[in-house]
Every structure is written in C-alpha cells, then in structure tokens.
Amino acid sequence: MVETDGVQGVAANANPTAEAPSAQAAADADMGVEIQQAKKPEIKLEDLFEGMDSDDDDFLGSNNQLNAKEPAVEVDHDPSFELLRIYYQRFFPWRYMFQWLNHSPVPTNDFKHREFSLWLHNDAVMRYQSYATSDLFRKDVLRLMPRRIEIGPVYTADPIDRKSYRNSTAFLPMAKELCFDIDLTDYDDIRTCCDKANICNKCWKFTTMAIKVMDTALREDFGYRHILWVYSGRRGVHAWVCDKQARTLQDHQRKAMASYFEVVSGKAGGKRVNVRRPLHPHLSRSIDLLKEHFQRDVLEAQDPWASPEKADALLLQHLPDVELREALRKKWDASPGRTSSSKWADIDALAQAGAVGAAFDPKDLLDAKQDILLEHAYPRLDIAVSQKLNHLLKSPFVIHPGTGRVCVPIDRRDLDGFDPLNVPTLQGLVREVDAWRGGGGGAAAEGAASGGGEGAGGGAGGSSQEVKHVQDWEKTSLKPYIEYFRSFVTALMKDERAAGVKREREEDGDVEVKAESLDF
Amino acid sequence: MNRIDVKRRNVVDHRKKQFADPSYKETQYPHRLSFYSTPPTADITLEQFEQWAIDRLRILAELEACSFRNKSPAETALHMKPLLDKYLPLDASSSGHSQLHAQRQKDHYSHFILRLAFASTEDLRRRFNRVETMLFRLRFQADDSRERAAFVRTLNLDWEPVSEDEKRELSLQLATTIGFGYGKRAQQVMDEDWCKVDWMRVPDLIEGRKVYVKGGKAYVPGREQQSMVLNAFTKRLEQALEQIAGALPRLDEDDRLTPILNHLSKNFIAPDSSYTGSGAAIEGAEISARNIDNLSQHFPMCMNHLHRSLRRDAHLKHFGRLQYTLFLKGIGLNLEEALAFWRSSFNKVTDDTFNKEYRYNVRHSYGDVGGDSNRRSGGYSPYSCQRILTERAPGPGEAHGCPYRHFSLENLTTLLRASGVTDRAVLHGVKEDTESQKFHMACNRVFEHVHKTELKRAKDDGVMTAAQLETIVHPNEYFKRSYLLKNMDKQKEQGDVKMEG
C-alpha cells in the first residue's frame, strides 16, 4: 500500500463524489482490491483500454466489470500515463476551452457553475466537478489524469456544493449547448464496408452527409450561427450549438427540436421513414442536398442492395405496386450481381415501360423513392443526447481511449477534406513535437508552418529571442484544429459581448452598429 | 397570488392611508373574452357568491359531459347554447346589451370563485383547467372576428403578422404546411392569416414539422393561432392555480366561504375520478401474476393489445409498460405480483438487465421509489381513456394508446377479429364510430357486444343500476364491469349448486 500513494490519493478523493458507471464497479471494496493489485509495472495504453470500445454515452457499458478487474495503474510511473500527462500539460487548449465555455475573458458563472465529470482510470466517474478558473481546472485534471472529460450543464449554483442546498430548487440545470450525436453504428444496416466500431473513409461519408444536412437546417431554419462539429474519436461526431438562445432552451423545446430532425425512426427492418406529404421544406431541401451523395456515396460506394435479401428488405419492400415489384425481382434474379445504382435506375425504367398494375400512381412511386433516399442518407441521430438539458457529452480535445485519437473539431467549410483516420493521435503528437525540437525547421510538422519557418530562419531551435514564443501545439498537426477552435471561440465571444450591450432585445441591425461603436 | 395592479389602487393621501378603507377602481370589461388575469376586488353578497359559482359549475359539468360523450365541437356548441344563455350569458360588445357589465362581472367573479374551490388537488386543478379551456374555446370560436382580433391584440402574445409580400415570396414553402392534398395552394396561402413567432413558443408545432421555420421564426397559419391562444390560456391558468394551491393553507378564512367552497368541489366528481390501487380491487377475484393471461379476456382492447404484444415480443416499450403497469395496478395487482409478472413476461432478458432497466420503473409506478411526493401519493393513478386518447400517440414499435384511435382501420379490424369480435354489424358500427372520432362509443359498442347476454340478464334481473351501465370512460372500469358481469353467472351457479347440495 505504501508504494501506491498516488493512487490512494485519487481513490480517497474520488470516493465521496465518485459515481460508479454501473452498480458493480467501484464499490468501496472493489477499490481496495484494485489498489492492492496495482503493481503491474508495464501496461500499454491499448491494453489499458481494452474492451472499452464503446464510444459515447454508454454509461452502463457492459465492459465495466471487465475494466474494474483490471489493476489501477501507478500514476507516476507508467509510460502511457506519461503521454497523457504530456498531452494535458502541453497540448490541451485550456485557454480556448475556458473561453468557449465561459463566453467572456473573465471568469463568469457560465464557467464556474458548469459541471465537469472526470472518468478516472479505475473506472470511477467523478461527477459534479466545477472550477472557478481555467487554471484550477487544469491543475485538477493534471492531478487526476482522467481518461475522459465530459461536459454537463451550467447550474443555478456551484455544482461542487450541491449537497449543501436545502431545497432542490436551489440547484437546477440552467443552460447547456444544444447537442446532437451522430454515430455510425446506427447505419449498420446500410453500411457494407464496416460494422460496429470500425469505420473507413467510405462510410465516413454518411457522417459528412449528416453534418451537411444538420448544419444547413440549424443555420437556415433556426438561425443559429455558432455550431461546433467535433469528431468523437472513433466513429461519430457531436454537434455543439453554442448560441445563447440555444444554450438556454428548455427540455421540451429541445425535445421538439430533436423530433423536428428525427426522420428515420424505429428498428431496422420495418418501414422507418414516415413523413407527411407534401414534404416539409426542411425535408425537400435535405433531399436536394443529399441527392448527389446518395448516388455517389451510398449507391456506388456502399452498394447496399447487392444481395437479393438486402434488395428485398431495403428496397423492394418499400415500393408500391405488386406488379412493379414482381417485374423488378424477376429482372434482378435473372442477372445476379447487378449493382445498386443499376437497380435504382431499373425502377424508373420498368415503371415507364409499363410493368405496373392498373392502380399504379406515379406519385406514389416518387414518394416511395424519396422515402428510400431519406432512409439511406438522412442523418440518424441519437436523440437522447439532444433532449435533455442535463445530458453529459464528451468534451472536445480529449483523447479517445480506444483509438488514441484527439477529438478534434471539424471545420465545416472543409468537410470533405476531413479524414477521421488521419487525425492527430496522442503518440503521434509527442513524436511530432520531439521531431520539431530536434530537427529545427526541416523536420517540423507540416501543420506548424509558421513555427517551422521561423525555426529555419534562426538556423537552430534555440534562438527564440526574436521569435515570439511558439506553443507546443503549434509545432504539431494539432495546430489547424486548435486554430479553428480559437477562431470559433473568438467569434462566439464577440457575439456574446455584443449581446451584452444590446441586452438581447434589439434587432440584428442594431447590434452591429453598437458593436462597432464599442470598438472605436 | 395575483397582486393588485398598482394602477388600480386608488391613491389615498399617505398620511390618512392607515385609516382609509381599501377601495379599488371599478373593474372595466372592454372585451367579452378574458384571460382572467386580474382578480375581482368589489364586494358581492354571499348569495351571489354561491349562486354564481353554482351556475358556472353547471356549465362546466355539462361541458365535461359533452367531452365524455365525444360530441363534436359543433354538437357541443349546439347543446351548450341554451344552457349558456340561461346560466352564464355573455354577449358581444356590439350587441349593446344593457346587462353587458353585469354579465361580464358574473363571468369574472364566478371564475375566480371556482379557482378557489378547485385549486386544492392536482386532479381537480387539471380537470378545472381542462373544462375552463373548453369553455374558453367555445366562446373564442363564437366570438365576433373583429372583437376576437382586438382581444388577441391585448394579450401581448408577441406575434408578428406576415406581410403580403413575404407571403408571396415564401408561398411555396408555406403551402407545404397548410394541409393535405394538392390543388389551389397558392391561393390558400394568400388567404390565410400567417404570423411569425419565435419557434420556442410553439414547440408542439415544431415537433411534428407542422409549420415552416426560417431564421428561428415559425410561420403559423391562422387556424393554429387559435391553439396558441388556448395554450397560453391553459398555461396561465395552470400557473395561477398552482399559486393558489400554495396560498390556500394560509387562507385565514372564517366559516362563511370554506363550506361553500368545499361543497362546490365535492359536486364536481365525475366519471374520470382516479382509481387507486386498493379501491378498485374486486372481491373474490384472483389477481395475481399467473392469472393475468386468464383475466385478459376482461381487458378492454387497449390493454388486450398490450397484453398480446407483450406475449408476442416478450417485451414492451416504455410507455406501453407504463400504461399497462398502471392498469394492472388499478385492477388490484400488488407490487410483488407486478414485478413477478413483468419478470416472467420479459423472458428474453437476463435477471441482470431486468433489474437494471425495468424493475425501477415498475416500482416507481407503484410509488415504491422516487421522490418523496411520489411515494406519499402511492405512484401514479391508472390512465383514464381521456389520457390514453390525448397523450402520447404511439410511435413505431410501440403498443400503447387506444386502438380505436391510433390504429388504422385494417389493423383495428384484425385485432377485433382476433379477440373474437366477428359480428359484421358490430364491426361496421365500430368503423363508423371511429370515423366520427367517437372512440368511447366504439369501445362501449364492443363491450356491449361481448357481454350482450350477461347485460341482458343483468338488466332483467335488475342486478345493475342504471349508473353502473353508463358509458365506460376508464379502462379499469371496463375490466371491473366485465369481470362482474361474467362472474355474476358463476357465482350464481355456485350458489345454486350449493343450495341443491
């Protein structure tokens, strides 16, 4: 027990507030056991997180038992911890995270009363943590080394003292970004390239389509402007809508919004798209946005109806008119191996050739085809995430434990350029920063263009006198992501300040005038 | 409680103020309709107090009865007209009626008296709010359109009318939200009175994608505006009633008003009074987990369907479980048996999953866990038809709701046939009932068909009183009546056998 000082410190700290992710894990007795076992010297990061492939929101993940049995690790000596420590110390954008949640340069209650929940390595979850400043936040994270940080709502009072409020009305969630979660596992019935937690560039296209549709609708329909898309580290994305109005939405409004966006519902196998005609403008616009993707990224890339069974379940079943269905079935049986694109084209071809029953209505066919398109390309949301004010969501820039990738924000202007398999990883970052130091300009990471240039000009890394201080993240491929995040946060803060001036009442035109007059 | 508007208080010299009697400006009633935001302040006699309240109560009770009988709005209006004229007349400002002020005063005062009488319990508040909203809707619809518009303007609902130009510009988008079918849409768009509101104010319209939204503003067509006014009415009344409920214990009242108020609220007991677990239990019936299959023959279609779905899938979704659990609780299944029932029914899940995901819900429904208030009130009460019909339509894969309302005719007929209702005349009647939205009627029709022999005997023997043969408006009532009717026979036979022996 003597050697495990660090761990004990954590455990003792965690105990009062820790809430185990499942009933079995992290009972006090368990913790004791863990600590005693905590002497395995070498554990690789991958081993440590083995079985922890659930990406998000799996509060009750079935793997907890497994993890709980795994020994807690000595914080100070393990190499993988060292990596995580380096990351939190040198790469994590504390300042911008703080500004993002605080909406102002000086600490406000938006930050002070915000719940953070830290997932520790012994699988305990410390909920209701809050910090007065970004420095305290950083310090605590460095002390506890959480493998995952989640962000909750802003409460009416400081979450850390929540037990001391006598009546429940004194401590209520007040504001949180409106969040959306898209997860590729929800596409498993139409993904042919990968399944479960695996992804590739082909099926990532589903996410790209989803982001396009959601982003457009949130901006055009609801008038939101500050939407941050964040890669969840493995197989999904999160949206954080940060506009003030979105943050203060009540549960019933969030619920309404979520169902406004929900089109594909129910279980795989049945008819999953039920929309009214005439189509709502949001849907017809989405169809326009998705048309091209549907042809290229779904029909051609995925070929979802290659097998006769799939073609039947996903396509034929949804078409009107028995005779048309029969004609198509016959045709496809006659030429096996027909691609999905050809099958899609066959529908219209046969319908026009007159292989239809007497009661056939071309409008029904069009409707059915629209439904099929929506089922295959429209965003599939995990609406539970969006409905509740007090739902926790993984913070941007944490490391996904399973893949080691950083949960980086995605620039919506360059959606197609985003490659989820190529985002910075923990190990990669450390390598990059080492290379930069060692090689000066030449070997610098490509992302750190300016840093590299300066380094080359000085001839050696040491001549930092005339060069302004280069932060570690600027030396790595994390740079563009943090810069994007910074510009996002700056724009958000600017709007927030303007809102403060105009007292949230006047028209948009007024705001700009006032903001300007403030600047001069 | 509602504070007296400062402006309405007569200004008295502050030096004399402590000796002055409070006196208020006389209330003005510029509009026929009212949101009842200011309480009355003038004196009335005790007789007036009681009489006015009783008159209004009569109207409200009749309205509620109309809704139970599923009368259409037009039928209700027709039915209510003579009654309203008699007990609670309210004429338009343009009528120039000499009694205008007196009418409006009576309406105003009686509303506030009943607020006092019905604020005490959640159940009463909900019912009072529902019928008051019905009354308001009735009057709102009957109101002169110009006066109505003037009234709506005074509500400060923050609406912005959509200009003709904007209508034209957005006519394609707006047309998609105006209704079913194609045709002369563009014209319809121009004819309709559209208004823009913040989308947060109409979440229910957003939820079903019923309106067009742009830049955070929802474009609401005229006919939905009515529902917005009604929503605002309901919401404000709800808040006001809750405030009153909070203040009631402090109502330091002598013995003049309290007996009247109590008397009034007692008279407001109607068919959907809640069932509690113990009260509805039937003597002699074996209500246990393993007997449910057998008892399910007495279940109304909604519960029957839930039971079938449960047996078929070994699973029910959340709201199905909730509706069914509460019903079972209502027929007298106790918590242990309920847990046993659900455990054995969900035979595809492990004990672990069951304990983790389902057990709590069942216990919560019984008031075994949950907040203090939940435990004290013994959980939720079983859903009445009213609630099943109006709250939460089932989505795909869900089995709750009312089959007569939420099923397609095809599925309904299949279900009825599967439950042994094959008589063509009955099926046809059910079809007509559901088409005219009379879901109770359909359900009662099926009940009468299934129990026709027993009912006849019961009537002949005079076993059941007329009250007991009224329209069923609660699933638990259906079960109780069905069980009693079917077993009236058995008990009698047993009795006979005994006597012979």
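Within every chain, residues take consecutive numbers counted from 1 along the sequence as written. Naming scheme: in the order in which they are written, chains are lettered from A and ligands are numbered from 1. Predicted model: local features are reported for residues with pLDDT of at least 70 only, side-chain atom pairs are reported and counted for 80 or more only, and whole-chain, interface and lining totals are derived from all residues. Neither water nor hydrogens contribute to the side-chain values; these are computed over all heavy atoms in the structure.

Draft legend 1. Focus on the interface of chain B and chain A. The interface is formed by 25 residues belonging to chain B together with 29 residues belonging to chain A. Simply put, the buried area is the total loss of 1.4 Å probe accessible area from both parts when two parts are fitted together. Carbon and sulfur atoms make up 58% of the surface buried where chain B meets chain A, a total of about 2,400 Å² over both sides. Within this document, salt bridges are pairs made up of a side-chain nitrogen of Lys or Arg and a carboxyl oxygen of Asp or Glu, the two lying within 4 Å of each other. On inspection of chain B and its partner chain A, the count reaches one salt bridge. In protein, a polar contact requires one atom able to donate a hydrogen and another able to accept it; more generally it is a pair of N or O atoms within 3.5 Å, and residues adjacent in sequence count only if both atoms are side-chain atoms. Taken together, the connections running from chain B to chain A amount to 10 residue pairs in polar contact (both at pLDDT 80 or more). Here, residues are in contact when the closest pair of their heavy atoms is within 4.5 Å.

Draft legend 2. Fine view of the UniProt feature "binding site: [4Fe-4S] cluster" (unreviewed entry) in chain B. All names here are of chain B. UniProt positions are given in the numbering used here, feature names are shortened, and annotations may be inferred rather than shown by experiment. UniProt's feature table lists "binding site: [4Fe-4S] cluster" (unreviewed entry) at Cys302, Cys385, Cys402 and Cys443, given in the numbering used throughout. In sequence the annotated residues extend across 142 residues, while in space they remain close, none of their C-alpha pairs exceeding 10.2 Å. In this description a helix means any DSSP run of H or I spanning at least four residues, a strand means any run of E spanning at least two, and both kinds are numbered starting from the N terminus. For Cys385, the location among the structural elements is in helix α19 (residues 385–390). Exposed residues in this analysis have more than 50% of their type's maximum accessible area, buried residues have under 20%, and partly exposed residues fall in between, with area computed by a 1.4 Å probe over protein chains only. By relative accessible area, which is 15% here, Cys385 ends up buried. For Cys443, the location among the structural elements is in helix α23 (residues 439–450). Among the residues examined, Cys443 registers a relative accessible area of 14% and is labelled buried. Dropping the residues within four chain positions of it, Cys443 is found in contact with Tyr404 and Tyr478.

Draft legend 3. Representation of the sheet that holds strand β6 (residues 178–183) of chain A within the structure. Residue and element names in this part refer to chain A. Strand pairing is defined by DSSP finding a minimum of two bridges between the two strands. The strand order across the open sheet formed by four strands is β6-β8-β7-β10, and the pairing between neighbours is antiparallel. Strand pairing shows two members of the sheet lacking a second neighbour, β6 and β10 (409–410), which therefore form its edges. Of the strand pairs in this sheet, β6 and strand β8 (residues 236–241) are connected by six bridges, and their pairing is antiparallel. Bridge pairing in β8 places Cys179 opposite Trp240.

Draft legend 4. Broad picture of the state of the cysteines. Here, two cysteine sulfur atoms that lie within 2.5 Å of each other are counted as a disulfide. The final tally for this structure, using the stated rule, is zero disulfides over all chains. Cysteine B:Cys302 shares no disulfide, and the gap to the nearest cysteine sulfur, in B:Cys402, comes to 6.1 Å.

Draft legend 5. Here's a closer look at the pattern of salt bridges. Residues and elements named next belong to chain A. One pass over the structure, following the stated rule, counts 57 salt bridges over all chains. The closest approach of N and O atoms between Arg272 and Asp189, which form a salt bridge, is 3.6 Å. Within this pair, whereas Arg272 is found in the loop between α11 (251–261) and α12 (281–302), its partner Asp189 is found in the loop between β6 and α9 (201–220), the two being separated by 83 residues in sequence. Accessibility classification places Arg272 together with Asp189 in one group, the buried group. Across the salt bridge formed by Asp288 and Lys291, the nearest N and O atoms sit 3.4 Å from each other. Pair noted here: Asp288 and Lys291 are both in helix α12, with a separation of three residues, about one helical turn. Take Asp288: its relative accessible area is 52%, and that puts it in the exposed class. What emerges from the salt-bridge pattern is a single network uniting Asp110, Lys244, Arg247 and Glu496.

Draft legend 6. Representation of unusual backbone geometry within the structure. In this structure, the amide linkage connecting A:Arg277 to the following residue, A:Pro278, adopts the cis form with an omega of -10°. Inspection of the secondary structure puts A:Pro278 in the loop between α11 and α12. Even without being a glycine, A:Asp303 presents a positive backbone phi close to 50°. Tracing the chain through its elements places A:Asp303 in the loop between α12 and α13 (308–315). A:Asp303 gets classed as partly exposed once you look at its relative accessible area, which sits at 22%. Positive phi is not limited to glycine here, since B:Arg209 has a value of about 50°. Relative to the helices and strands, B:Arg209 is located in the loop between α10 (203–207) and β3 (212–214).

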